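# Chain and residue survey
Below are the chains, spelled out letter by letter.
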Amino acid sequence: MKKVYKIILIVVLVMGFLGIGAMAGLYYWASRDLPGFKNITDYNPPLVTTVYTRDKKVLGYFYKEKRFLVRMDEMTALLPKAFLAAEDASFYEHDGVDFTAISRAFVANMKSGAKTQGGSTITQQIIKRLLLSPEKSYTRKVKEAILAFRLEHYLEKDEILTIYLNQIYLGAGAYGVEAAARIYFGKHVSELTIAECALLAGLPQAPSRYDPYKHPEKARARQLYVLGQMYEHGWITRDEYNMAVDQPLVYKSMEDPSWKHGPYFLEEVRRWLIDKYGEDTVYYGGLNVYTSCDLKHQDAAEAAVREGLEDSTFRRGWRGPLLELKPEEYADFLSSEIVPESDLRPGKWVKVLVTKVSKKEAEVKFNKYQAIMPVATMKWCRTPDPSKATDEVRPQQDATKVLKKGDVVWARLDKAFFKDGSEVNFNQVDPDTDSLGDVSWEVGLVQRPIVQGALVSMDPTDGEVLAMVGGYAFSDSQFNRATQASRQPGSAFKPIVYSTAMDSGFTPASILMDAPFVYTDMEAGKLWKPENFEGVFYGPTLLRTALVKSRNLVTIRLARKMSIDKIIQRAKDMGLESDFPNDLSVALGSASVTLLNMVEAYSTFARGGTRVKARMVLAVDSAWGERMYESKPEIAEAISPQTAYIMCSLLKEVVQHGTGWRAKVLKRPVAGKTGTTNNEQDAWYMGFSPYLVTGVFVGFDQLTPMGKWETGSRAASPIWVSYRMKVEEDYPYTDFTQPDGVVMAKIDAATGLLAGPSSEESYFLPFKEGTQPTKTASGADGDSGEPGTGSSEDLFKQTF
């Protein structure tokens, strides 16, 4: 008998050694080509880059996987417990592999004849997602177990769980618990209730199957299972369980502001980030980007540009319908152009089908609604003719000359009426809960602009760009006319010429001749004959008046008396970047520049002589909070404080008495200058105060005349005014500070001398100390004999 026991013992020992050897061999075989797992400790998943406004509101996101990194201490306490209850209740007890769970899952799967349970731990799931291929094989399972065991001895349990909660895919494009909380509940993970935690914890097993938006019943059943597990393990009390079960689940996604507010601003930031850090870092790096964008300014700027461009297109006339449908096509159109009822509010634009037209109105349909379009809303619908201004054409008074049955056009919703004829008061209608019911509408005829425009507004004290608009609609065109379009500024360049003159022996009281001028380019064999915008010549003119009234011929003579090189150097000193033509046309703004660059140049005046570089990105932090970039104001000397103040004073005169008159409505000290190029192809308005520099550009993308009188004053300055009216209240009343070395004098408008008792018109003008006139006008135009004021002999020579 002893012999038998001995044999059995030997067999057992041999089998044991063989088993150990086999296990060792299996371990060696499986581990020889295992991937390294230590890079998991430097967990660096694809994360969302978040762009913030200056007051830390979200402007937009850049990402390929929607994942926001959160720490355990940023989560509500029961969120990790909920995932453990659903996926790995013994997580804090095993060493990476739970053999009990594997055995339990094996038995359950054998009984059901299908895979109904999984035995993988959270650690194994991390290994599978981050290190191994998705293939289903015993080899991979063995490798998974080995790596999980190793990882458990390399990282703390909380570190592993944090990785899991940030890495796991939870459906609907959500990677990690923070993204899921935002997508399913419109919350952050710190705000979730127990019921919401359980819902999220039930998703990893099958995100599509348990998607609460598509399969709310299945999601609810899975949530109840998780809640039961949490209660069973003692992680929640009976009261907490009952409250969670009874809590109604309201699913709503946190709004993604990307490309809704400030899309051109956001796109400019995106391009800057990619240039600096590369595309992978921007879309995967989880950067936190802090910008200068102010949403109040940005929204006001976008509304102003949109309204201004729409007004501009109305002044050019009616281009015609979008479509001309046959009767058999009506039904398809009406069924395809569906607008949510909650969006139907006054001011909303919709596409409508014309069903009947009379002289006084058109009847139209959209969705299920009937509408009337009065002819009064078609007054602007003249036949386009760039040679005629809208003021020169009679308003349209016959709807049949504009529309016909079957036309599809844009319409603006104006009013809605109930069946009894009473008007709907939309202030009393909740778009989320109230139904409009059977109403009819009154609408106005509109058309989308082809003309484009841009606006940039910058704080001159530090260069922060508060608002940037690069076009009518970002969805139609991503080309940014504020930064990517180089256009001729026309007369908006003149302040640079006149600032050069103030440092070249001229004063605001200097007189030059406004008379015909012909320039012969001998090398090119061409004649250049510039004119004033009005086509009129005004004779001897103060430089003050020449700038205020934007007189081209005086400006040309002024440039000729100085030198082109001096003007170009002044433009460069003020920060303008362009290929400046070395001829007199540069004085009238023939060098192409961007709007943003022009705003930077005008900051020289607002700042009192120094210019500041525009800044949009103020700081960039890594996903872990490390500061990667921080911008500081870039300031450079440009002109003297005295010259800057004189120009500010003259440009305030442009607003009070010249082409910038529309800005007077602000009733504040603001300075500005209009700009218009040949054939009204470009319209500019550059306006500023000590606290804000704002520039506006309007023009077609292809050089095309906008039409008669579509000048900087008419096309661009209303946009500037509309924007500034909405933000001025945020700033105290502030005027430009007069520096030492500047004196004021009352000047006779006709002679440029000190005003006397008989002066018919006079101006208070600034002078550099020592350059002001000393003689008093006698009442008759005469020769002052003083340098810079323009003697009779000098004016005679200028004419010829």
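Up top you'll find the structure we're talking about.
Here we summarise the structure given alongside this text. None of the values given here were measured: they were computed from a predicted structure.

A complete count under the given rule lists 35 salt bridges for this structure. A salt bridge links Glu 178 to Arg 182; the shortest N-O distance between them is 2.7 Å. Of this pair, Glu 178 and Arg 182 both sit in helix H7 (residues 177-185), 4 residues apart, roughly one helical turn. Each member of the pair, Glu 178 as well as Arg 182, is classed as buried. By sharing partners, the salt bridges in this structure join Arg 54, Asp 294, Glu 464 and Arg 615 into a single network.

This part takes up the nonpolar core. Counting residues in each nonpolar core, the largest one holds 92 residues, and the members touching the most others are Val 465, Phe 493, Tyr 498, Leu 558, Leu 576, Phe 605 and Phe 688. If sequence neighbours within four positions are ignored, Leu 558 has contacts with Val 497, Tyr 498, Ala 501, Phe 506, Leu 512 and Leu 543. Core analysis: the second largest hydrophobic core is formed by 67 residues, Trp 318, Ala 411, Val 469 and Tyr 472 among them.

It is worth spelling out the sheet that holds strand E12 (residues 452-459) at this point. With respect to topology, 5 strands assemble into an open sheet ordered E13-E12-E24-E23-E22, the strand pairing being antiparallel. The strands lining the two open edges of the sheet, one partner per strand, are strand E13 (464-469) and strand E22 (671-676). With direction set aside, neighbouring strand axes in the sheet form an average angle of 10°. In this sheet, strand E23 (residues 683-689) lies alongside E22 in antiparallel orientation, the contact comprising 6 bridges. Residue pairing in the sheet places Lys 673 in a bridge with Met 686 of E23. Seen against the sheet, helix H21 (residues 712-727) touches E12, E22, E23 and strand E24 (692-699) and runs at an angle of roughly 35° to E23.

This brings us to the packing of helix H2 (residues 78-87) against helix H6 (residues 157-167). Direction vectors running N to C along H2 and H6 enclose 85°, while the axes themselves pass 11 Å from each other. For the element pair H2 / H6, the angle class is roughly perpendicular. Facing Pro 80, Phe 83, Leu 84 and Glu 87 of H2, the residues of H6 in contact are Leu 161, Tyr 164 and Leu 165. Residues belonging to the contact of H2 with H6 are distributed by class as follows: 6 nonpolar, no polar and 1 charged.

The next thing to look at is helix H15 (residues 494-502). Most of H15 is tucked away: 9 of the 9 residues are buried. Burial in H15 covers these residues: Lys 494, Pro 495, Ile 496, Val 497, Tyr 498, Ser 499, Thr 500, Ala 501 and Met 502.

Before going further, it helps to spend a moment on the side chain of Asp 398. You can see Asp 398 is positioned in the loop between strand E9 (369-374) and strand E10 (407-417). One buried charge, Asp 398, has no salt-bridge partner; the nearest side chain with opposite charge is Lys 401, at 4.6 Å. In terms of polar contacts, Asp 398 uses its side chain to reach the side chain of Thr 400, at 2.5 Å. Once residues within four sequence positions are removed from consideration, Asp 398 is found in contact with Lys 359 and Val 375.

The strand order E2-E1-E5-E19-E20 describes an open sheet built from 5 strands, whose pairing is mixed. Looking at which strands have only one partner, the edges of the open sheet turn out to be strand E2 (58-62) and strand E20 (627-630). Averaged over neighbouring strand pairs, the angle between their axes works out to 15° when direction is ignored. With 4 bridges connecting them, strand E5 (residues 288-291) and strand E19 (residues 617-621) associate as antiparallel partners.

A few words now on the environment of Asp 88. By the secondary structure assignment, Asp 88 is in the loop between H2 and helix H3 (99-112). Classification of Asp 88 by relative accessible area gives buried; the value is 4%. Residues contacting Asp 88, with those up to four places away along its chain left out, are Phe 83, His 94, Thr 121 and Ile 122.

Per the stated rule, a full pass over the model turns up 27 aromatic pairs. Residues Trp 259 and Phe 474 carry aromatic rings whose centres are separated by 5.3 Å and whose planes lie at 5° to one another, so their mutual orientation is stacked. Of the two residues, Trp 259 sits in the loop between helix H10 (238-246) and helix H11 (263-277) while Phe 474 sits in the loop between E13 and H15, which places them 215 residues apart along the sequence. Among the aromatic side chains, those forming a connected cluster through ring pairs are Phe 62, Trp 259, Tyr 264, Tyr 283 and Phe 474.

Let us now look at the pairing of E13. Counting buried positions along E13 yields 6 of 6 residues, so the element is predominantly enclosed. Bridging between E12 and E13 involves 5 bridges; their strand directions are antiparallel. What sits directly across from Leu 455, in E13, is Val 469. Linking two consecutive strands that pair antiparallel, namely E12 and E13, is a turn of 4 residues; a positive phi of about 85° is found at Gly 463 within it.

Rules behind the numbers
- Residues numbered from 1 in each chain as written.
- Predicted model: local features only at pLDDT ≥ 70, side-chain atom pairs only at ≥ 80, totals over all residues.
- Heavy atoms only, no water.
- Salt bridge = Lys/Arg side-chain N within 4 Å of Asp/Glu carboxyl O.
- Helix = DSSP H or I, 4+ residues; strand = E, 2+ residues; numbered from the N terminus.
- Buried < 20%, exposed > 50% of the residue type's maximum accessible area, 1.4 Å probe, protein only.
- Core = buried A, V, L, I, M, F, W, Y, C linked by side-chain atoms within 4.5 Å.
- Contact = heavy atoms within 4.5 Å.
- Pairing = 2+ DSSP bridges.
- Axes fitted to C-alpha atoms, helices over the stretch in contact; angles between N-to-C directions.
- Parallel < 35°, antiparallel > 145°, perpendicular 65-115°, else oblique.
- Nonpolar A, V, L, I, M, F, W, Y, C, P; charged D, E, K, R; others polar.
- Lys, Arg positive; Asp, Glu negative; His and termini not counted.
- Polar contact = N/O pair within 3.5 Å; in protein donor to acceptor, adjacent residues only side chain to side chain.
- Phe/Tyr/Trp six-rings, centres within 6.5 Å; stacked < 30°, edge-to-face > 60°.

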